[in-house]
Structures are given as C-alpha cells and as structure tokens.
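Descriptive analysis of the structure
Residue strings, one per chain:
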Amino acid sequence: MTAKESGEKLVAQNKKARHLYEFLEKYEAGMVLTGSEVKSLRAGRVSFKDGYVKFENDEAYLVGVHIGVYENAGYAGHEPERKRKLLLHAAEIRTLRVKVEQKGLTVVPVRVYFKNGRAKTEIALARGKKVFDRRDDLKNRDLDRDAARELARH
C-alpha cells in the first residue's frame, strides 16, 4: 500500500535515531497541537534534535522536538520547544513506562506525518547502540552498497 492509498503524508524522519538506537517496537501516537504548530508541520518545519518521550501521571509527552514558529500566527504563536502530549491508549502507556523503567530502554520519535489530515508521530521503544555496533552497521552498509554496485556493473 502506498502512502497515497493510506492517506499518509510524511513531514519528517528522525534519521539520527536509526543510527543511535536499535528499534524494538513501534507505536503510532496522535499529538495534541495548537493551530500554529499544525501549520508549521504542514510546512515541514520540525527538527527531532534530542527528542524523546517522557512519562508523567499516566500520560506520555514528546520532549525536545522543535516545531518551528509559524510566521503568520499573529498573537496565537507557540513555544517551539514545548512538551506535547501524545495520544496513546492507557495500556500502551503503561507497557512503555514499565519497559523504560525496568529494562533501561528509551522511547524516541521516529517520524512525524499526517494521516487522514491528523498529525501523527511514530515512536519506537529503543535500546541504545554501542559504538562498535554503529561501526558494524556502517561497515555492513558500505559492503552492501559495494556489492550492489558490482552487480549493477555486470
């Protein structure tokens, strides 16, 4: 199924997270946003930087994700770095919180997109990669690229 068929429009991907973490499980979450934040997202003005998910009072919040200021917002602008509430089922929040607290894992945003007109974020339960794991990934990717190049040449 293509993005067009599923009604998805990708806004941004967190490529650094794929490099730094090994994803164990992925979840789709809605976000509580202001109007100017939605306008900025539609313009593609989002940066993941050091974004992660924080759990407080049985709720999940997206912290450290920068959504740029919308120029035409007037008086109703927004704080670019504010924490944003994620909309997940209570059972999903409990599951994620337990795994983060017990196993030393973290929850990071992977991508932001619009699905049927609603802003969504894909979050992943992740384990941090060690430096040698990252080097192995880079080495394997280079080997795969070289092999594909050789096959294309012949």
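Anything mentioned here points back to the structure above.
Below is a short write-up of the structure.

About the thresholds
- Residues numbered from 1 in each chain as written.
- Predicted model: local features only at pLDDT ≥ 70, side-chain atom pairs only at ≥ 80, totals over all residues.
- Heavy atoms only, no water.
- Helix = DSSP H or I, 4+ residues; strand = E, 2+ residues; numbered from the N terminus.
- Buried < 20%, exposed > 50% of the residue type's maximum accessible area, 1.4 Å probe, protein only.
- Contact = heavy atoms within 4.5 Å.
- Lys, Arg positive; Asp, Glu negative; His and termini not counted.
- Charge placed at Lys NZ, Arg CZ, Asp CG, Glu CD.
- Salt bridge = Lys/Arg side-chain N within 4 Å of Asp/Glu carboxyl O.
- Pairing = 2+ DSSP bridges.
- Phe/Tyr/Trp six-rings, centres within 6.5 Å; stacked < 30°, edge-to-face > 60°.
- Lys NZ or Arg CZ within 6 Å of the ring centre and 35° of its normal.
- Core = buried A, V, L, I, M, F, W, Y, C linked by side-chain atoms within 4.5 Å.

Let us now look at the overall build of the protein chain. For the protein chain, the count of helices and strands is five helices and nine strands. Each helix and strand of the protein chain, placed in order from N terminus to C terminus, yields the pattern α-β-α-β-α-β-β-β-β-β-α-β-β-α. Principal-axis analysis of the C-alpha atoms places the extent of the protein chain at approximately 60 × 40 × 30 Å. Considering the protein chain as a whole, with its 154 residues, one finds that 35% of them fall into the buried category. Expressed as a percentage of contacts within the protein chain between residues at least 6 apart in sequence, the contacts between residues at least 24 apart total 67%. Taken as two groups, the 33 positive and 23 negative side-chain charges of the protein chain have centres that lie 2 Å from each other.

Right, let's talk about the pattern of salt bridges for a bit. Evaluated as defined, the whole model comprises 16 salt bridges. For R127, the salt bridge is made with E22, and the minimal N-O distance between the two is 3.7 Å. Residue R127 is located in strand β9 (residues 118-128), and its partner E22 is located in strand β2 (residues 21-31); the two are separated by 105 residues in the primary sequence. The salt bridge partner of E59 is K85, with a shortest N-O separation of 3.1 Å. Within this pair, whereas E59 is found in strand β5 (residues 59-63), its partner K85 is found in strand β7 (residues 84-87), the two being separated by 26 residues in sequence. Using a relative accessible area of 25% as the deciding quantity, one classes E59 as partly exposed. Taken together, the salt bridges that share partners define one network made up of E8, R111 and E122.

Attention shifts here to the pairing of β9. As judged from the nine bridges shared by β2 and β9, these two strands associate in the antiparallel manner. Within β9, the position partnered with A29 by the bridge is T121.

Scanning the model with the defined rule gives zero aromatic pairs in all. R42 extends its terminal NZ or CZ atom over the ring of F114, reaching a point 4.1 Å from the ring centre. Cation over ring: R111 sits above Y113, and NZ or CZ is 4.2 Å from the ring centre.

Core analysis: the largest hydrophobic core is formed by 26 residues, its most contacted members being M31, L41, V53, L86, L88, L96 and I123. Looking at this core, the elements with two or more residues in it are β1 (8-13), β2, β4 (52-56), β5, α4 (90-103), β8 (106-115) and β9. In terms of nonpolar packing, the next biggest core, distinct from the first, is built from six residues, F23, V110, A124 and A126 among them.

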